[in-house]
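# Structure assessment
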Amino acid sequence: MRNFFVNILEYVLVSIILIEFNTPYLILPSVQFVIRFVPMLLLFVLILLKYKYIKFDWLFILIIVGAILPLIHVRSDSMFRYVRFYMLFFPFSYLYLKAGLRESLKAAYSLLFKLSSVVLILSVVSLFFWIFGTTLNIMQPTATFPYEWDNVRDYISTYYGLYFETQHTQFLGVELNRNSGIFCEAPMYNMILCIALSIELYLREEKSKLRILILSLTIISTFTTTGQFFLIINIFLLLYRGLNKYLKVILFVMMPFVIVGFYMVVSLLLIDKKQTIEGESSVNSREKDIELCIKNGLENPILGKSLFYRMDDHGNSYFGYSNSIFTLFAHGGIYTILLYVVSLLIVPFLYYIKKHDLDWLLLMICFFILFAVTMSHYRYLTIFYVAFNLTKLPELMYKRRIKGAFLLKENKVI
């Protein structure tokens, strides 16, 4: 019975995390209320259900204490949001994920597999409406929905509230409708899809070709440059890992040609993007934003302007809308960047060195790249990944293994 309730609550938590990842639903006051309070309540209940695996270790205390310094520097209008993300959701996630590691590998990765499963359902739904509705016009939108994104307020077409038509683009000179699923824009949907695909490729032991194919086709339908790069890189990695030692040597010798070919493909995609007015404007805007982030971050390189910073006291337009890394430097300084870089990049490398877990390393490299180029630093999903990696840090510092964890053969992941 306990496992039944845990599974239900985890699916609800994962669904809320996805809805919070920039969806049109967030414009609704009722959804905003749920997003603000329910995830913490769910985590608290889940922690109670796994009370026998809970342990308040030194890193949990450090997470709480470490959040005090930025809190002092945060602007008053962002105080509640900071407390919600970094002083409630973050430590609660760490406690629960740590409990999962103490229970079994299956329990530890449970939320990630549920995330991938929910995204797979979203993929099937969005592909259906994108093909038969947006692309072929066999079906017509069932309603309009209020839309607010990137200073744009409008009404967008929706199919039963399960799929939204938000963006058009040009890809290789052809006018196309992007598949953005239930998200405000295709790049946000693409990041979710790529995260789910990386879970299927590098974490799930029993891989399903059908699941991988559906997620890959959905990524293609978003027509995002990042998504196409992601697929190309992962196809290459999978082909390389599937080769025997003799073929790997041949591939290594041919590596210069592979690099040149990859460079040509990347250049073609970037040139095609810049040839559109939308693409050129996007590139110029991102370059300008990065310059503003560096400039503002250098004014206080330790703590930055203030986390969740939007506008100054004079109402000047905000900066930090192009990528996560430079925005974090401007908003939270080196202090905050270290939290993300250490947890999302350094810990996976150290874990690979000690445990030789290449799959987890590749999973986190994929996530870090997606995180770096997409505005996702103030999202539950990113904080969840930060917490997940930090659960592995104590074990890296001690020789003793945590009972029940990392025993892949005895705790088969399904």
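Attention here is on the structure that accompanies the text. Keep in mind the model is a prediction, meaning the values are calculated, not measured.

Here we take up empty space enclosed by the protein. This structure, assessed with the given rule, holds three cavities of 30 Å³ or more. The calculated volume of the largest cavity comes to roughly 50 Å³. Lining the largest cavity are V14, I17, L111, L115, L381 and F384. Those elements giving two or more residues to the lining of the largest cavity turn out to be α1 (2–19), α7 (110–135) and α16 (380–390). Of the residues that constitute the lining of the largest cavity, the class distribution is six nonpolar, no polar and no charged.

Along the polypeptide, Y82 turns up in helix α5 (residues 79–103). Residue Y82 is classed as buried on the basis of its relative accessible area, which comes to 2%. Separated by 296 residues in sequence, Y82 and Y378 place their C-alpha atoms 9.3 Å apart. When sequence neighbours within four positions are dropped, the list of residues in contact with Y82 reads A67, P70, L71, V74, M87, L307 and F308. A polar side-chain atom of Y82 sits 2.7 Å from the main-chain carbonyl oxygen of A67.

Time to look at the sheet that holds strand β2 (residues 152–158). Taken in spatial order, the three strands of this open sheet run β1-β2-β3, and their pairing is antiparallel. On the outer flanks of this sheet lie β1 (143–149) and β3 (164–165), each paired with one strand and no other.

Looking now at the packing of aromatic side chains. Taken as a whole, this structure holds 31 aromatic pairs when the rule is applied. In textbook terms, an aromatic cluster arises when at least three aromatic residues are bridged by ring pairs, as seen for Y82, F85, Y86, F89, F308, Y378 and Y380. Looking at K114, its charged tip hangs above the ring of Y11, at a distance of 5.3 Å from the centre.

This brings us to the pairing of β2. Here β1 pairs with β2 via seven bridges, running antiparallel. Among the inter-strand pairings, W149 is bridged to a residue of β2, identified as V152. In textbook terms, the turn of a hairpin is the stretch between consecutive antiparallel strands, and for β1 and β2 this stretch comprises two residues, one of which, D150, has a positive phi near 55°. Summarising the sheet, β2 and β3 pair through two bridges and their orientation is antiparallel. Residue T158 lies in a different strand from β3, and its bridge partner there is F164. Linking β2 to β3, which pair antiparallel, is a turn of five residues; within it Y160 sits at a positive phi near 60°.

All right, on to the side chain of T218 then. You can see T218 is positioned in helix α9 (residues 209–222). The exposure class assigned to T218 is buried, which follows from its relative accessible area of 0%. Once you skip the residues sitting within four places of it in the chain, T218 turns out to touch S123, S126, L127, N179, Y189 and L193.

Criteria and cut-off values
Positions within a chain are numbered from 1, following the residues in the order the chain's sequence is written. Under the rules for a predicted model, residues below a pLDDT of 70 receive no local features and side-chain atom pairs below 80 are neither given nor counted, while totals for whole chains, interfaces and linings still include all residues. The basis for the side-chain values is all heavy atoms of the structure; hydrogens and waters are excluded. Think of a 1 Å grid over the protein atoms and nothing else: a 1.4 Å probe that fits but is trapped marks a cavity, an open set flanked by protein within 12 Å on at least five of seven lines marks a pocket, and residues with an atom within 4 Å of a point count as lining. Grid points are joined across faces, edges and corners, and a volume is the space filled by probe spheres set on the points. Numbered from the N terminus, helices here are DSSP runs of H or I no shorter than four residues, and strands are runs of E no shorter than two. Under this grouping Gly is polar, as are all residues other than the nonpolar Ala, Val, Leu, Ile, Met, Phe, Trp, Tyr, Cys and Pro and the charged Asp, Glu, Lys and Arg. Classification of residues uses two cut-offs on accessible area relative to the type maximum, computed with a 1.4 Å probe and protein chains only: under 20% is buried, over 50% is exposed, and between them is partly exposed. A contact between two residues is defined here by any heavy atoms of the two lying within 4.5 Å. Under this definition, polar contacts are N or O atom pairs within 3.5 Å; protein pairs additionally need one hydrogen-donor-capable and one acceptor-capable atom, and for neighbouring residues in sequence, both atoms have to be side-chain atoms. Being paired, for any two strands, means DSSP has found at least two bridges between them. When two rings of Phe, Tyr or Trp (its six-membered ring) have centres within 6.5 Å they constitute a pair, described as stacked for plane angles under 30 degrees, edge-to-face for angles over 60, and tilted for the intermediate range. To sit over a ring, a charge needs its Lys NZ or Arg CZ within 6 Å of the ring centre and within 35 degrees of the ring normal.

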